[in-house]
Amino acid sequence: MLLVLSEEQKAHLGFLPRVGGAAVGELGRLAVELLRRGAAPRACEAAARKLNIDVDTIQHGVEGLSYLLTESSKLMISEIDFQESIQVLGFSDELNQLLLQLYLDNRKEIRSILSELAPKLPSYHSLEWRLDVQLASRSLRQQIKPAVTLKLHLNQNEDQTAQVLQTDPSTLLHLIQQLEQALGEMKTNHCRRIVRNMK
Amino acid sequence: QRFRFCGDLDCPDWLLAEISTLAKISSVKLKLICAQVLRDLLGEAIEYEKILKLTSDAKLESGDVKATIAVLSFILSSAAKHNVDSESLSSELQQLGLPKEHASGLCRSYEEKQSSLQDRLKACSLRLSRLGSVCWRVDYTLSSSELQDVNEPLVHLTFNVQDGERGGTAAVPMTLSADKFRVLLAGEARGETLT
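For clarity, every value in this text was computed on a predicted model and none was experimentally measured.

Cut-off values and rules
Residues numbered from 1 in each chain as written. Chains lettered and ligands numbered in written order. Predicted model: local features only at pLDDT ≥ 70, side-chain atom pairs only at ≥ 80, totals over all residues. Heavy atoms only, no water. pLDDT = per-residue confidence, 0-100. Contact = heavy atoms within 4.5 Å. Buried area = accessible area lost by both parts, 1.4 Å probe. Salt bridge = Lys/Arg side-chain N within 4 Å of Asp/Glu carboxyl O. Polar contact = N/O pair within 3.5 Å; in protein donor to acceptor, adjacent residues only side chain to side chain. Helix = DSSP H or I, 4+ residues; strand = E, 2+ residues; numbered from the N terminus. Buried < 20%, exposed > 50% of the residue type's maximum accessible area, 1.4 Å probe, protein only. Pairing = 2+ DSSP bridges. Axes fitted to C-alpha atoms, helices over the stretch in contact; angles between N-to-C directions.

Peer 1: Explain the confidence of the model for chain B to me, please; I cannot follow it from the model alone.
Peer 2: Low-pLDDT portions of the prediction should not be read for the details of their coordinates. Mean pLDDT over chain B stands at 88; residues scoring 70 or higher make up 98%. Model confidence for the complex: the whole-complex pTM is 0.63, and ipTM, which rates the interface, is 0.71.

Peer 1: Is there a simple way to think about the interface of chain A and chain B in this case?
Peer 2: Accessible area lost upon the coming together of the parts is a frequently used measure of interface size. With 10 residues of chain A in contact, the opposing surface of chain B contributes eight residues. Per-residue buried area on chain A facing chain B is highest for A:Arg130, A:Arg141 and A:Lys151; these three make up 52% of the total on that side. Where chain A packs against chain B, one counts zero salt bridges. Viewed at the interface, chain B and chain A are joined by one residue pair in polar contact (both at pLDDT 80 or more). Of all the secondary-structure elements, those providing two or more residues to the side of chain A that touches chain B are β1 (123–134), β2 (145–156) and β3 (159–167) of chain A.

Peer 1: Is there a simple way to explain the side chain of B:Ser90 in this structure?
Peer 2: All names here are of chain B. Mapped onto the secondary structure, Ser90 falls in helix α5 (residues 86–95). Residue classification places Ser90 among the buried positions, given a relative accessible area of 11%. Beyond its immediate chain neighbours, meaning those up to four positions away, Ser90 contacts Ala103, Ser104 and Cys107.

Peer 1: Got a minute to help me understand the sheet that holds β1(A) in this structure?
Peer 2: Sheets are built from strands paired through backbone hydrogen bonds, the pairs being either parallel or antiparallel. Residue and element names in this part refer to chain A. In spatial order, the strands read β1-β2-β3; together these three strands make up an open sheet with antiparallel pairing. At either end of the open sheet lies a strand with only one pairing partner, and these are β1 and β3. The mean angle between the axes of side-by-side strands here comes to 15°, regardless of whether they run parallel or antiparallel. Looking at chain direction, β2 and β3 are connected through nine bridges and run antiparallel. Each bridged residue has a counterpart across the sheet, and for Leu150 the counterpart in β3 is Leu165.

Peer 1: How should the side chain of B:Ser109 be read in this particular structure?
Peer 2: All names here are of chain B. As for its position among the elements, Ser109 is in helix α6 (residues 100–124). Judged by relative accessible area, which is 6%, Ser109 ranks as buried. When near neighbours in sequence (up to four residues on either side) are disregarded, Ser109 contacts Lys31, Cys34 and Leu38.

Peer 1: Teacher, can you tell me more about the confidence of the model for chain A here?
Peer 2: Put simply, chain A has an average pLDDT of 84, and 100% of its residues get 70 or more. Mean pLDDT in chain A bottoms out at helix α1 (residues 7–13) of chain A, which sits at 79, and peaks at helix α7 (residues 169–184) of chain A, which reaches 94.

Shown next, in the form of structure tokens:
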């Protein structure tokens, strides 16, 4: 699978042959930092001063490199495909090797960063419960009406929300039975076959 | 095997695994650590440095110290939750492999604080909203634009309700005529006789 670079991205990466191998390594490090922690304009300015190139070019270059790395890591392209994709940029073999090494060294880390970007549903945090029995009300005396009150605490993107629910014990038992059936699905042949194949 | 302090269920595996860690600490120091854990369960601040000093003789790693606190926290709160008396707790802990002096030290600390622990757990139970206070005022209407001689009493009530979900207090104001107020009081009196 080949990576397709737009004209703008080719232009951004076009200045790389002008700087030396060590500088490319430095820019690669900046690109990975961009992915780890977000933009760092001061670091780009420092690199621009050291290499004697203007800040915008450095910025575009770092962004281009980080795009190259994220797309390659996302698609998990092989070494040969990576080399063929950057052939189109017309760099020297030495530079191509440097870029390939940069990709292979950082691939795993970039993939783990990308995996955290997927949208998340609210997840379980904790559950408080309470069992009450209603003995009488204004309209009717001498009753026995049990009720279970639940407070479900959920976590979503560091936000805590709580949902209050109330049910009678027989509905709760039915709910438990349904959830146990759902867990039991994992033990059927169909699920076992899929889990075996994934491992 | 079922244990009363676990709510008549099996003892959790992680608890069994950490009993040997508890046995490494001397029984005197264990009783002092229990006192610290009880402070945390009762809502006061736990003094972690004191616990570190007490466990330094047994040469426990930081993971083991945290495990010790977790185990003691579970045992004490679970025993209070299921209203287990201290002798039964002591014999069940010995069944799990805790030495006799350690178990009796732990249970003596538990016995001292059992009722305050249960009171605290009751206060922490799920409550949705709570009536904070009631403010009232009685007015007497002399006349109005509709009728010249009114001469009726009017009751203003404000219920301050504490929201259990989001915290904070909400005020619920209402105005009642004298008759409605009497109905409200009569209903309340009947409710009181039922409890």
